[in-house]
Amino acid sequence: MKPFDYQRAADTRSAVAALSRQPEAMYLGGGTNLVDLMRLGVATPAVLVDVTRATSEAIEESSGGGLLIGAAARNSDLAAHPVVRHRYPMLAQAVLAGASGQIRNMATVGGNLLQRTRCSYFQDIAKPCNKHRPGSGCPAREGDHRNLAIIGHSSSCVATHPSDMAVALAALGASVHVEGVEGTRTVPMPGLHRLPGDEPERDTVLEPGDLITAVELPALPYASRSRYRKVRDRASFAFAVVSVAVALDEADGVVRDCRIALGGVAHVPWRATLAESALRGAPATAEEFTRAADLELAGARPLPDNAFKVPLVRNVLVRVLSELAS
Amino acid sequence: MTDMLLSINGDEYPVVVDTRETLLDTLRERLDLTGAKKGCDHGQCGACTVLVDGRRVKSCLTLTVTLDDREITTVEGLADGDRPHPLQAAFIAHDAFQCGYCTPGQLCSAVGMLAEAAAGWPSVVTEDVCAEPVLDEEEIRERMSGNLCRCGAYVNIVAAIGEVAR
Amino acid sequence: MTTTARPYVGTALDRVEGMEKVTGRARYAYEHSPDELAYAVPVQASIARGEVRAIDVQAALTIPGVIAIIWHRNAPRLAPADNAELSVLQSARVAYRGQYIAVAVAETLQAAGEAARSLSVDYAGEPHDTELRADHPGLYRPEKVNAGYPTDSEHGDPDAAMEAAPIRVDATYSTPAEHNNPMEPHATVARWDADGLTLYDSTQGASAVRATLAALFTMPPANVRVIASHVGGGFGSKGQPLAPVVLAALAAKHVTRPVKLAVPRQQMFAVTGYRTPTIQRVRLGADVDGRLTAIVHEAIEQCSTIREFAEQTTTPTRIMYAAPNRRTTHRVVKLDVPTPSWMRAPGEAPGMFALESAMDELAIACGIDPVELRVRNEPDADPESGEPFSSRNLVACLREGARRFGWADRDPTPGARLVGRTLIGTGVAASTYPAYRSPSQASARLEPDGRYTVRIAATDIGTGARTVLTQIAADALRTSPDRVTVEIGDSALPPATLAGGSMGTASWGTAVVRACEALREQVSRSGDLPSAGLEAAADTKEEIGAQERFSRHAFGAQFAEVGVDVDTGEARVLRLLGVFAAGRIVNPKTARSQFIGGMTMGLSTALFEESLMDREFGDYLNRDLAQYHVAACADVRDIEAVWIEEDDPHLNPMGTKGIGEIGIVGTAAAIANAVHHATGIRIRDLPIRLDKLLR
């Protein structure tokens, strides 16, 4: 690991100022991904600005009937929060499906959103990767890509976003509160993360110095009927092969509204807007669920070793929709 | 290098640490507290688990410089003098380890996990996340999955923890 | 002398070092810190074949705290070694990606790590070949296979018998490369002084490390001391000294300071051995009643270009079932890959996956219950050597397991039990492992205070060796375990064989019993106890060399119940039962842990483990514990192990067979057979990943 200075920011303004002053600085949250990437040599900051005490840890109901989650809130506190459990169960489930108890106690909400892909090539600086060394190439396309993207990828990158939490947030349409050099703004989910295109080194739309200060959940009453289902090789402590987050508003056998996002399929938590619109007003039947899933997956461009993800996502999506409908 | 005071198992340790140093390396290489183990150094095995302010964390991903006002508990601090912690006694009685290398992490993790369950935290296998979870074997298995054991002592680990939980 | 009423062999003594392990006081190799210590971080080749032309060390040497960068140009010279893996930093050649090419030594771990990363290496790369294929032109017949077995065997006319058989199974199975991944990475603290070299080493055999390091550094073995008090697992990967321990000793010699070196987890995927991938063709010919007329088992495997390691994949097939016509073969190809080595039940584990899957296929082809099929093909003597079995209770294990598991009610129809969205199935497979024994020495001492000390350079890698040797010694001395101290884990103790081949207890126990017997004889002769105490020693070389000819093997039967999610293909093991016949069980508590531990690793093999070779770069790609999955706690539900007591007089004074490895043998087949029963899908290539079951 390269030597670095450690600074603890007292508030968000000084944190942002510290980063704008020091171009080789990075924010440190729970450190569960960043410290690892530094040890691997993938991240080489000259300065770490600890923001765990600069941003809020609070989780409180917001004026609009939603929930405001401080960026420094630990994943485990988020999942254990009674409002999250009652009104956004898929978010609690998604967070609980991620990593392990120890990691969830460390990881912050802001940091979770900004964790980086676990593609093997990205994590090995002795190998080419357009994400860690732009222009060096993407060996995953011809090499190992079983766990990588089937949709929205580019010739320069087939990585997936690893977060479970982000999938639920994308489905819920959360807003990410950001403070930057130019002031504060909100970025809607999905929309924080970007597709790789020809700049796969950029995971998100954030600019240098931007600090996530909070995540706000909208009031979405029907999200109390929601579920996160993660498919993984090992029964626990494993990244998703694929995952789905679904909230369903159904009455009298008809879908009034729904929210669907997919994990493990793209460089971003993938909001399944095509499936959502196909289902609005449709009968809540397995046939309609399958039709909607197929519509969404028609855009998939799997690689040889991850083609199985297409039927897998379809099966899981239909299953979760059916479970929520019954 | 940073001067700081660490509070570990109720004792104060003045240390001068490299900012790059993890809590795990500070414990093992600087303070001769070698109970916490290095199995992977990447947060993927759980052998380094310790408690920080009562919560279980991975000491291999925790930078020591971040801990100046935290209370750290390692496996060396679990026993009450010569009296082993009930989990330590249960691990011996149930033969919940073989090589013993993951054991300090399992024990610290179990202490933290039992506190989480007592606080009513759900897990991903909790049928209804809104309900108060019941710490049955399935719940223990899921909640202890951040601690790998290559000797395959899981069955006995779950039995030992289950006995203490009851 | 104290007398006791009962034998301690057979009782469930708690681990004698249990309290040390649960309090964190037990010290493993890396946890020793001599004065003036320096830290070493190894550097790996990033090409799969070629030469290191030069290493630019200038930047590294300017890093504060860096003491030295050692590579082949400035490394101390070593004596030539039979195993080229040990000739660390002795030449410019790179035989595989990840091979050690340098080591950075510094005052702190952080500085050493930074220095290791800052090296700029100039390579002359060459094209590499890392792909094991059944039609590889480089496949050859090794002279012998691991553990000294003949490479091939043939009896009768297997081809003609296959041709004539009314029922035939002809299938190819494959198993992936797998990495041992003990929780404690390989680690060494090396210190040179006027007396020679002292190593705190994470090893399965201190005596072997001493002999090897003494030869490499051209010293008498007496000048090397290897201490391994506690070892955090090995599963074969610490069975013999490999590059890391040599590198530590070499670095300490170069910087003339004690040096600590732990292999980072990622590096373990290249330098600490692994289980070779295999491609196995099994042909079974049987009559309509399921009686085997022909068995042919042919295995293909890989090794590196610098060291032949030919695993004994098909040797269990030589003793499992009766059939007049039979052939087993092994073919190996040297590739530009890391050197494979021992991993828990090398040979038996992958070999029995193939044979026991094929037996399941034969049972279905014959319409015979798979338990019954195995019973029908039970031999009355070793089917190839003709030697009598010292004891063989496979049938009893199958019958007892079937009874406990509720096998009798099983409907053999595949894919017929859907509960919710989960398909349920059950499967069975047999287990076996040879009962080896190797010469060892031990001493036993009656101390002036009336206590006993037993010394032997055995190792407890988690097996419970310290505990069972205490029990064995207590019985041999007619005293109680609390009056016996067993000292192990140090090459300064009487030399002993390694903790491997499931032969520790048999080998060390024999030496301990003989030393204790000799001590008792001395005590009875001497009358009054001399003030210095009394001591006796034993060496089992002659005894073991003179043992009668028998076919000695442990057997077992494993039963699995699995659930497969019809929507996702996720397979989970719901229930696993092992019934074993392995001689006398010394300690039911630690033995159960050994069996269950092996079965858990077998479950992990069945469902998860696979080291992926990256064709383009020539290394194992998924080189950490997030990508290389081993079973986690949530994967292991209901596992039970029981045993049938055997009274076998042809083994050793304790009557034991080894139990460290048999638990992993057969598990993967039982699970794959259960998956077939659940889904109708036959998985012939491990692991049983969800994409293979997705329909």
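Naming follows an unreviewed UniProt entry, where chain B appears as Xanthine dehydrogenase YagT iron-sulfur-binding subunit of Nonomuraea dietziae. Note on chain B: under the UniProt heading Pathway (unreviewed entry), the record states "Alkaloid degradation; nicotine degradation."

Chain A is annotated in an unreviewed UniProt entry as Xanthine dehydrogenase YagS FAD-binding subunit of Nonomuraea dietziae.

Counting secondary structure elements, chain B contains 5 helices and 5 strands. Starting at the N terminus and ending at the C terminus, chain B contains elements arranged as β-β-α-β-β-β-α-α-α-α. The principal-axis extents of the C-alpha atoms in chain B amount to approximately 50 × 35 × 30 Å. Every one of the 166 residues in chain B was classed for burial, and the buried ones make up 66%. A separation threshold of at least 6 residues defines the contact pool for chain B, and within that pool the share at least 24 residues apart is 54%. Carbon together with sulfur atoms contributes 48% to the accessible area of chain B, which is approximately 5200 Å² in total. Looking at charge distribution, chain B has the averaged site of its 14 positive side-chain charges lying 5 Å from that of its 27 negative ones.

One widely used convention gives an interface's size as the accessible area the parts lose upon coming together. The interface is formed by 40 residues belonging to chain B together with 39 residues belonging to chain A. Contact with chain A buries area across many residues of chain B, yet B:Arg20, B:Leu61 and B:Val129 alone supply 20% of it, more than any other trio. There are 4 salt bridges connecting chain B and chain A. Connecting chain B to chain A are 19 residue pairs in polar contact (both at pLDDT 80 or more).

Let us now look at the nonpolar core. Residues B:Ile161, C:Leu284, C:Leu362 and C:Ile671 are the most contacted members of the largest nonpolar core, which totals 141 residues. Broken down by element, this core gets its largest block of residues, 10 residues, from helix 9 (residues 348-366) of chain C. Residues within four places of C:Ile671 in sequence aside, it is in contact with C:Ala560, C:Val562, C:Val573, C:Leu576, C:Leu603, C:Ala606, C:Leu607 and C:Ile688.

Taken domain by domain, chain A consists of domain 1 (5-50) and domain 2 (226-325). Centre-to-centre, using C-alpha coordinates, domain 1 of chain A lies 36 Å away from domain 2 of chain A.

In this assembly, 58 residues from chain C lie in contact with 46 residues from chain B. For the pairing of chain C and chain B, the buried interface totals around 4300 Å² over both sides, and the portion due to carbon and sulfur atoms is 56%. By the criterion of area lost to chain B, the three top residues of chain C are C:Val22, C:Met183 and C:Cys633, representing 18% of everything that side buries. Inspection of the region where chain C meets chain B yields 7 salt bridges. Here C:Glu114 ties to B:Arg20 by a salt bridge, and the two come within 2.8 Å at their closest N and O atoms. Summed over the shared surface of chain C and chain B, the result is 27 residue pairs in polar contact (both at pLDDT 80 or more). Broken down by secondary-structure element, the contributors of at least two residues to the side of chain C that touches chain B are helix 1 (18-23), helix 3 (109-118) and helix 15 (588-607) of chain C.

With that settled, consider the UniProt feature "domain: FAD-binding PCMH-type" (unreviewed entry) in chain A. UniProt records the feature "domain: FAD-binding PCMH-type" (unreviewed entry) at residues 1-222 of chain A, using the numbering of this structure. The span residues 1-222 of chain A shows a helical share of 26% and a strand share of 17%, and its end C-alpha atoms are spaced 47 Å apart.

To continue, consider the sheet that holds strand 10 (residues 242-251) of chain A. Residues and elements named next belong to chain A. Spatially, 9-10-11-12 is the arrangement adopted by the 4 strands of the open sheet, whose pairing is antiparallel. Single-partner strands in this sheet number two, and they are strand 9 (226-231) and strand 12 (270-271). Pairing of strand 10 with strand 11 (residues 254-263), which is carried by 9 bridges, proceeds in the antiparallel orientation. Of the residues in strand 11, the one forming a bridge with Leu248 is Cys258. In the packing of helix 8 (residues 165-172) onto the sheet, the strands contacted are strand 9, strand 10, strand 11 and strand 12, and the crossing angle to strand 11 comes to about 150°.

Our focus in this paragraph is the environment of B:Thr74. All names here are of chain B. Along the polypeptide, Thr74 turns up in the loop between strand 5 (71-73) and helix 2 (86-93). A relative accessible area of 1% means that Thr74 is categorised as buried. The sequence separation of Thr74 and Ala93 amounts to 19 residues, and the corresponding C-alpha distance is 21 Å. Once residues lying within four places of it in the same chain are set aside, the contact partners of Thr74 are Ile8, Asn9, Leu27, Val50 and Cys108. Side-chain polar atoms of Thr74 contact the side chain of Glu76, separated by 2.6 Å.

Right, let's get into the packing of helix 3 (residues 103-118) of chain B against helix 5 (residues 154-165) of chain B. Residue and element names in this part refer to chain B. The N-to-C vectors of helix 3 and helix 5 enclose an angle of 40°; their axes lie 11 Å apart at closest approach. With respect to helix 5, the element helix 3 is oriented oblique. Judged by the twist between their axes, the crossing of helix 3 over helix 5 is right-handed. Contacts between helix 3 and helix 5 involve Gln106, Ala110, Met113 and Leu114 on the former and, on the latter, Ile157, Ile161, Val164 and Ala165. Partitioning the contact of helix 3 with helix 5 into residue classes produces 7 nonpolar, 1 polar and no charged.

Residues and elements named next belong to chain C. Helix length check: helix 6 (residues 243-255), at 13 residues, gives a terminal C-alpha distance of 18 Å against a target of 18 Å (1.5 Å per residue), a fit within 8%. Of all 13 residues in helix 6, 11 are buried, a share of seventy percent or more. Turning to helix 6, its buried residues are Ala243, Pro244, Val245, Val246, Leu247, Ala248, Ala249, Leu250, Ala251, Ala252 and Val255. Downstream of helix 6 by one or two residues, Thr256 has phi in the positive range, about 50°.

All right, on to the side chain of B:Thr103 then. For B:Thr103, the position within the fold is in helix 3. Here B:Thr103 falls in the buried class, since its relative accessible area comes to 1%. If we skip the residues at most four places from it in the chain, B:Thr103 touches B:Phe91, B:Phe97, C:Lys21 and C:Val22.

The subject of this paragraph is the pattern of salt bridges. Between side chains of opposite charge, a pair can form when the charged atoms approach closely. Residue and element names in this part refer to chain A. In total, this model carries 94 salt bridges over all chains according to the counting rule given. Among the salt bridges present, the one from Arg87 reaches Glu61, with a minimum N-O distance of 3.0 Å. Note that Arg87 is positioned in helix 4 (residues 82-87) and Glu61 in strand 4 (residues 59-61), a separation of 26 residues in sequence. Using a relative accessible area of 28% as the deciding quantity, one classes Arg87 as partly exposed.

Looking now at the domain arrangement of chain B. Residues and elements named next belong to chain B. When the domains of chain B are assigned, the result is domain 1 (2-77) and domain 2 (86-165). Taken over C-alpha atoms, the centre of domain 1 sits 22 Å from the centre of domain 2. Taken together, the contacts link 19 residues of domain 1 with 18 residues of domain 2. Of the roughly 1300 Å² buried where domain 1 meets domain 2, counting both sides, 56% is carbon and sulfur surface. Viewed at the interface, domain 2 and domain 1 are joined by 1 salt bridge. For Arg56, the salt bridge goes to Glu116, with nearest N and O atoms at 2.8 Å. Every element with two or more residues in the side of domain 1 that touches domain 2 is listed here: strand 3 (49-52) and strand 4 (55-58). Looking at the side of domain 1 that touches domain 2 residue by residue, the classes come out as 5 nonpolar, 8 polar and 6 charged.

This part takes up the pairing of strand 22 (residues 484-487) of chain C. Successive side chains on a regular strand alternate, one facing one side of the sheet and the next facing the other. All names here are of chain C. Here strand 22 shows one buried face, formed by Val484 and Val486, and one open face, formed by Thr485 and Glu487. Sheet topology note: the strand 21 (residues 452-455)/strand 22 ladder contains 4 bridges and is parallel. Each bridged residue has a counterpart across the sheet, and for Tyr452 the counterpart in strand 22 is Val484. Traced from strand 21 through helix 12 (residues 465-476) to strand 22, the parallel crossover comes out right-handed.

Attention now moves to the confidence of the model for chain B. Counting all residues, the mean pLDDT for chain B is 97, and 100% of those residues have values of 70 or more. Both scores are available for the predicted complex, with the pTM at 0.98 and the ipTM at 0.98.

Before going further, it helps to spend a moment on the packing of helix 15 of chain C against helix 16 (residues 667-679) of chain C. Residue and element names in this part refer to chain C. One way to put it is that helix 15 packs onto helix 16 with a least axis distance of 8 Å and a crossing angle of 50°. Judged by the inter-axis angle, helix 15 sits oblique to helix 16. Judged by the sense of rotation from one axis to the other, the crossing of helix 15 with helix 16 is right-handed. Along its contact with helix 15, which presents Gly598, Met599, Gly602, Leu603, Ala606 and Leu607, the element helix 16 presents Thr667, Ala668 and Ile671. A class-by-class count of the residues in the contact of helix 15 with helix 16 yields 6 nonpolar, 3 polar and no charged.

Parameters and conventions
- Residues numbered from 1 in each chain as written.
- Chains lettered and ligands numbered in written order.
- Predicted model: local features only at pLDDT ≥ 70, side-chain atom pairs only at ≥ 80, totals over all residues.
- Heavy atoms only, no water.
- UniProt positions renumbered as here; feature names shortened; annotations may be inferred.
- Helix = DSSP H or I, 4+ residues; strand = E, 2+ residues; numbered from the N terminus.
- Buried < 20%, exposed > 50% of the residue type's maximum accessible area, 1.4 Å probe, protein only.
- Contact = heavy atoms within 4.5 Å.
- Areas by Shrake-Rupley, 256 points an atom, 1.4 Å probe, with all protein chains shown as cover.
- Lys, Arg positive; Asp, Glu negative; His and termini not counted.
- Charge placed at Lys NZ, Arg CZ, Asp CG, Glu CD.
- Buried area = accessible area lost by both parts, 1.4 Å probe.
- Salt bridge = Lys/Arg side-chain N within 4 Å of Asp/Glu carboxyl O.
- Polar contact = N/O pair within 3.5 Å; in protein donor to acceptor, adjacent residues only side chain to side chain.
- Core = buried A, V, L, I, M, F, W, Y, C linked by side-chain atoms within 4.5 Å.
- Domains from an automatic or database assignment.
- Pairing = 2+ DSSP bridges.
- Axes fitted to C-alpha atoms, helices over the stretch in contact; angles between N-to-C directions.
- Parallel < 35°, antiparallel > 145°, perpendicular 65-115°, else oblique.
- Left-handed = near helix turned anticlockwise from the far one by under 90°.
- Nonpolar A, V, L, I, M, F, W, Y, C, P; charged D, E, K, R; others polar.
- Expected span 1.5 Å × (residues − 1).
- Right-handed = clockwise from strand over helix to strand, strands pointing away.
- pLDDT = per-residue confidence, 0-100.

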